[in-house]
Amino acid sequence: MADPAAPLFPRIAIIGLGLIGSSLARCFKEQAGLAGEVVAGDRSEAVCARVLELGLAARAETDPARAVAGADLVILAVPIGAYAGLAEAIGPHLKPGAIVTDVGSVKQAAVRDVAPHLPEGVHFVPGHPIAGTEHSGPDAGFASLFKGRWCILTPPPGTDAGAVEAVSELWRRVGSMVEVMEPGHHDRVLAITSHLPHLIAYTIVGTATDLEEHLKAEVIRFSASGFRDFTRIAASDPVMWRDIFLNNREAVLEIIQRFTEDLTALQRAIRWGEADTLEDLFTRTRAIRRGIIDAKQA
Ligand code: NAP
């Protein structure tokens, strides 16, 4: 019989101790029963030193192969563009029966780049916590980040059910609700709920950046009228977002096409003074906000 006092995973290796990786490390530190031991892996020596200073791991390694050796669970928490190289580097060093999971924001690319490098007998359970902030690095993390938030898992067909359950249990214990989804479906849903809004924010803030100096100063001064909220989103990590757009290209391009058509329709309504069109849309969108508040995701 399983020892009820035993941790869910005797050893967890986290690769990438930024916002998400260090938030998970903080959860494992605060909550007994999740990880017997945490090993950190980050290519940056400064991050490794900071992680040890914060007491977030027993060991910190710049070599990912050393970080994952002997780990029961490996969590990839680096930008998507780093996945293929990282998976290739750790593949031969994974313990038989180990579970590999990730937190990346695009799931088809995660399967494409990681799965081919994993040896027989290692289970891959891709995941994506729908939680985050615009801050990066090991000091940005906090243990309550995942509380009350969704975590979407996208295990490829045939994935070991025990491995999916173990990863689900981990997310539930850090406070998340878990949903299992097909990777392509995840990528289409996130293209509209997350990727397009970020692209719009980057565009608006970019447009303001290109304004003449006197206008730019006024934009900052009166930013509370709406612009400010976009600047928060547009302050998100540039490398992470570069990789999201390049790796969810098809779904993002499709949603930009639809968005452009809708924007053109609005442009037309404004030009021709179609008051009802505008009011109808703004009334419908208000209801969406109420739905999000009711679902406690505000
Ligand atoms: P982050 O704060 O920028 O941290 C990423 C860390 O990984 C950095 O320390 C980085 O080091 C390190 N790293 C990069 N490439 C590496 C490699 N090849 N090997 C080892 N370490 C490497 O990033 P984050 O916001 O936590 O995002 C991590 C992942 O979570 C991304 O895939 C992202 O899509 C996903 N995610 C993010 C959010 C969010 O809101 N931020 C939400 C949900 C999911 P350097 O500084 O040297 O590059």
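See above for the structure.
These figures come from a predicted structure and were not determined experimentally.

### So, the pairing of strand β4 (residues 73–76)
Across the two faces of β4 the burial is the same, with Leu73 and Ile75 and Val74 and Leu76 all buried. Where strand β1 (residues 9–15) meets β4, four bridges bridge the pair, whose relative direction is parallel. Note on β4: the bridge partner recorded for Ile12 is Leu73. Both β4 and strand β5 (residues 99–102) contribute to a ladder of four bridges, which runs parallel. Bridge pairing in β5 links Leu73 to Ile99. Each parallel crossover has a hand, and for β4 linked through helix α4 (residues 83–90) to β5 it is right-handed.

### Focus on the site of the ligand
Around the ligand, a shell composed of 26 residues is seen, among which Ile20, Asp42, Arg43, Val78 and Ser105 lie nearest. Within the side chain of Asp42, one N or O atom sits 2.8 Å away from an oxygen atom of the ligand. Look at the ligand: alone it shows 900 Å² of surface, and the protein chains cover 84% of it. Those elements giving two or more residues to the shell around the ligand turn out to be α1 (19–30) and β7 (127–129).

### Some thoughts on the sheet that holds strand β2 (residues 35–41)
Taken in spatial order, the six strands of this open sheet run β3-β2-β1-β4-β5-β6, and their pairing is parallel. The outermost strands of the open sheet, each flanked by one partner alone, are β3 (59–61) and β6 (123–125). On average, adjacent strands in this sheet sit at an angle of 20 degrees to one another, irrespective of strand direction.

### A word on the sheet that holds strand β8 (residues 150–153)
Here we have three strands laid out as an open sheet, ordered β7-β8-β9, and mixed in their pairing. Each edge of the sheet is formed by a strand with only one pairing partner; in this case those strands are β7 and β9 (177–180). On average, each strand axis in the sheet is tilted by 20 degrees relative to the strand beside it, whichever way the strands run. Here β8 pairs with β9 via four bridges, running parallel. Following the sheet pairing, Ile152 is matched in β9 by Glu179. Together, β7, β8 and β9 form the strand contacts of helix α6 (residues 161–173), whose direction differs from that of β8 by roughly 165 degrees.

### Re the nonpolar core
With 38 residues, the main nonpolar core has Ile12, Ile14, Phe28, Ile75, Phe146 and Trp171 as its most contacted residues. Of all the secondary-structure elements, those providing two or more residues to this core are β1, α1, β2, α2 (45–53), β4, β8 and α6. Once you skip the residues sitting within four places of it in the chain, Ile14 turns out to touch Gly21, Leu24, Ala25, Phe28, Val38, Val39, Ala40, Gly41 and Ile75. With 31 residues, the next largest nonpolar core counts Ala71, Leu76, Leu118 and Ala191 among its residues.

### Focus on the pattern of salt bridges
Under the defined criterion, the tally for this structure stands at 16 salt bridges. Here Glu37 makes a salt bridge to Arg11, at a shortest N to O gap of 2.8 Å. You can see Glu37 sitting in strand β2 and its partner Arg11 sitting in strand β1, a full 26 residues away along the chain. The class of Glu37 is partly exposed, set by a relative accessible area of 27%. With a relative accessible area of 23%, Arg11 lands in the partly exposed category. In this structure, the salt-bridge partner of Arg66 is Glu61, at a minimum N-O distance of 3.1 Å.

Definitions and cut-offs
Positions within a chain are numbered from 1, following the residues in the order the chain's sequence is written. Note on the predicted model: pLDDT of at least 70 is required for a residue's local features to be given, and 80 or more for side-chain atom pairs to be given and counted; whole-chain, interface and lining totals, by contrast, use all residues. Hydrogens and waters are ignored; side-chain quantities use all the structure's heavy atoms. Partly exposed describes any residue whose relative accessible area lies between the buried limit of under 20% and the exposed limit of over 50%, with all areas from a 1.4 Å probe on protein chains only and scaled to the type maximum. The helix count covers DSSP runs of H or I at least four residues long, the strand count covers runs of E at least two residues long, and both are numbered beginning at the N terminus. Strands are treated as partners if at least two bridges between them are detected by DSSP. Handedness of a crossover: with both strands directed away from the viewer, a clockwise path from the first strand across the helix to the second marks it as right-handed. Nearness of a residue to a molecule or strand requires only that one of the residue's heavy atoms be within 4 Å of it. Two N or O atoms count as a polar contact when they lie within 3.5 Å, although within protein this holds only if one can serve as hydrogen donor and the other as acceptor, and sequence-adjacent residues are included solely when both atoms are side-chain atoms. Every accessible area reported is derived by Shrake-Rupley at a probe size of 1.4 Å, with residue values counting cover from the shown protein chains alone. A fitted line through C-alpha atoms serves as each axis, taken over the contacting stretch for helices, and the angle formed by two N-to-C directions is quoted from 0 to 180°. The contact criterion used throughout is that any non-hydrogen atoms of two residues lie within 4.5 Å. The criterion is simple. A nonpolar core is a set of buried Ala, Val, Leu, Ile, Met, Phe, Trp, Tyr and Cys residues joined through side-chain atoms within 4.5 Å. Between Lys or Arg on one side and Asp or Glu on the other, a salt bridge is scored when a side-chain nitrogen of the former is within 4 Å of a carboxyl oxygen of the latter.

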